[in-house]
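Here is what each chain is made of, one letter per residue.
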Amino acid sequence: MNTFFLEFRDPLFGIIIFFVLIFVITFFSYWFAKLKKKEDYRHLDKFLKQFHTLPSQNELKVLITKGELSEKSWLLLANAYAKGGNYEKSIEIYSELLKVGDKSNYRDTLFLLGKTYFRAGFLERAKQIFLEILKNNPRTPQALNYLLLVYEQMRNYNAALEVLDSLDELKKDITLQSAYINALFILNSAEMTSDVKVYKLLEIYKTNNVLAYLIFEYIFRVNPKAAWENFDTSKAELLVDVLWSCDKKDLDFDIIMQNGYLRELYTAKGYLKEAVKSSVFELDVLINLDSKTNATLGFEYICDNCKVVYPFAFSRCSSCHAIDTSRVELSLVKDYHKDFSEENNSFQ
């Protein structure tokens, strides 16, 4: 008996019991988690079977009302539909959640519905939703920002400027957005002459030193002389596609000869013979080819904020809505215009 109690009090015995308990707890925890996971998958499979074909609006109403899936899960599903481009189904889910969902989430769900309407192109509906949010919660910068986007796309620039005033009252920096909306107002004005537009756009540029691409792309088209007179050559790489497409008769060679990048660009174009090489690969190749083959520059446009690539120039990124974040990427492409010209000449 004494021997037994001595063994019981032995530290080694306590260690063995400790590890046995850990093993038992771990064993049961593992199998319990596995069974629960299996049950969750069974429940998920059952739910997803209902979506092998897209449910109708009435079916969605029944499914949401049943409450078999949490509101958060429905929101995730609606977001997935929207990302997949199925805005109609996403809108139906958000609309039904507004009727039967948790009222504490009403404003957030309404905002998501407004965003989806905006992405789907239903601008008037999106406007009404954001105005409803602001009616009850006027200090909501997210709704104000989207309302600004709606007015911008509707070309209602006066209303957009009023939204900017509201953002300014919330101590938000509106300098860039204000310059951008004012520039769009000028560019789309049917009452101003091109000379007046050029003057007002240059005022915006000189005051804020932003929107170089938006402003000079227009000025190079309508008044190349004024563009060169006011052009900051440090922005040459930003406007390389605009400069590349300029007609030879519209170039200011005095300014071009004073800038190394411009000399390389127009030597690659074949308008000059002032550069023998370039640190820019694409320009260096064209300089060395010396117009002996039908190659030219191609352009892609990258948003420096979200890194999305576009085949066309932009001033506001349609993905992240950032302004003045476009960066031009060069590539070498076949010059189909040269091929076409050569074919026409062969028939003469």
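What counts and what doesn't
Residues numbered from 1 in each chain as written. Predicted model: local features only at pLDDT ≥ 70, side-chain atom pairs only at ≥ 80, totals over all residues. Heavy atoms only, no water. Pairing = 2+ DSSP bridges. Helix = DSSP H or I, 4+ residues; strand = E, 2+ residues; numbered from the N terminus. Axes fitted to C-alpha atoms, helices over the stretch in contact; angles between N-to-C directions. Parallel < 35°, antiparallel > 145°, perpendicular 65-115°, else oblique. Left-handed = near helix turned anticlockwise from the far one by under 90°. Contact = heavy atoms within 4.5 Å. Nonpolar A, V, L, I, M, F, W, Y, C, P; charged D, E, K, R; others polar. Phe/Tyr/Trp six-rings, centres within 6.5 Å; stacked < 30°, edge-to-face > 60°. Buried < 20%, exposed > 50% of the residue type's maximum accessible area, 1.4 Å probe, protein only. Lys NZ or Arg CZ within 6 Å of the ring centre and 35° of its normal. Expected span 1.5 Å × (residues − 1). Arc of directions from axis to C-beta.

## Overview of the sheet that holds strand E3 (residues 326-334)
In spatial order, the strands read E2-E1-E3; together these three strands make up an open sheet with antiparallel pairing. This sheet does not close on itself; its edge strands, each paired only once, are strand E2 (309-310) and E3. As defined by bridge partners, strand E1 (residues 295-303) adjoins E2 across two bridges and the pair is classed as antiparallel. Bridging across to E2, Ile302 finds its partner in Val309.

## Focus on the packing of helix H6 (residues 106-120) against helix H8 (residues 141-153)
The axes of two packed helices give the description: the angle between them and the distance between them. Two elements in contact, H6 and H8, have axes whose closest approach is 11 Å; the angle formed by their N-to-C orientations is 20°. Taken together, H6 and H8 sit at an angle that is classed as roughly parallel. Seen along the crossing, H6 lies across H8 with a hand that is left-handed. Counting all contacts with H6, which are made through Phe111, Lys115 and Phe118, the residues of H8 involved are Gln142, Ala143, Tyr146, Leu149, Val150 and Gln153. Its residues assigned to classes, the contact of H6 with H8 shows six nonpolar, two polar and one charged.

## Here we look at the packing of aromatic side chains
Applying the stated criterion across every chain yields a total of 14 aromatic pairs. Note on Tyr30 and Trp31: the rings are 5.3 Å apart at their centroids and 80° apart in plane angle, and the pair reads as edge-to-face. An angle of 70° between the planes, with centres 5.8 Å apart, marks the rings of Phe216 and Phe231 as edge-to-face. Here Phe216, found in helix H12 (residues 212-222), pairs with Phe231, found in the loop between helix H13 (224-230) and helix H14 (240-244); they are 15 residues apart in sequence, far enough to count as distant. Among the residues examined, Phe216 registers a relative accessible area of 1% and is labelled buried. Judged by its relative accessible area of 9%, Phe231 is buried. Joined through ring pairs, the aromatic side chains of Tyr205, Phe216, Phe220, Trp228 and Phe231 make up one cluster. Between Arg125 and the ring centre of Phe122, over which it is positioned, the NZ or CZ distance is 5.6 Å.

## A short note on helix H9 (residues 157-169)
Between its first and last C-alpha atoms H9 spans 19 Å; for 13 residues at 1.5 Å apiece the expected length is 18 Å, and the two agree. For H9, the full list of buried residues reads Tyr157, Ala159, Ala160, Val163, Leu164 and Leu167. Buried residues of H9, seen end-on, are gathered within an arc of 155° and therefore sit on one face of the element. In H9, the exposed positions angled more than 90 degrees off the buried face are occupied by Glu162 and Glu169.

## Some details on the pairing of E1
Here E1 pairs with E3 via nine bridges, running antiparallel. Within E3, the position partnered with Thr296 by the bridge is Val333. Counting the residues between successive antiparallel strands, the hairpin from E1 to E2 contains five residues, one of them, Lys307, with a positive phi of roughly 70°.

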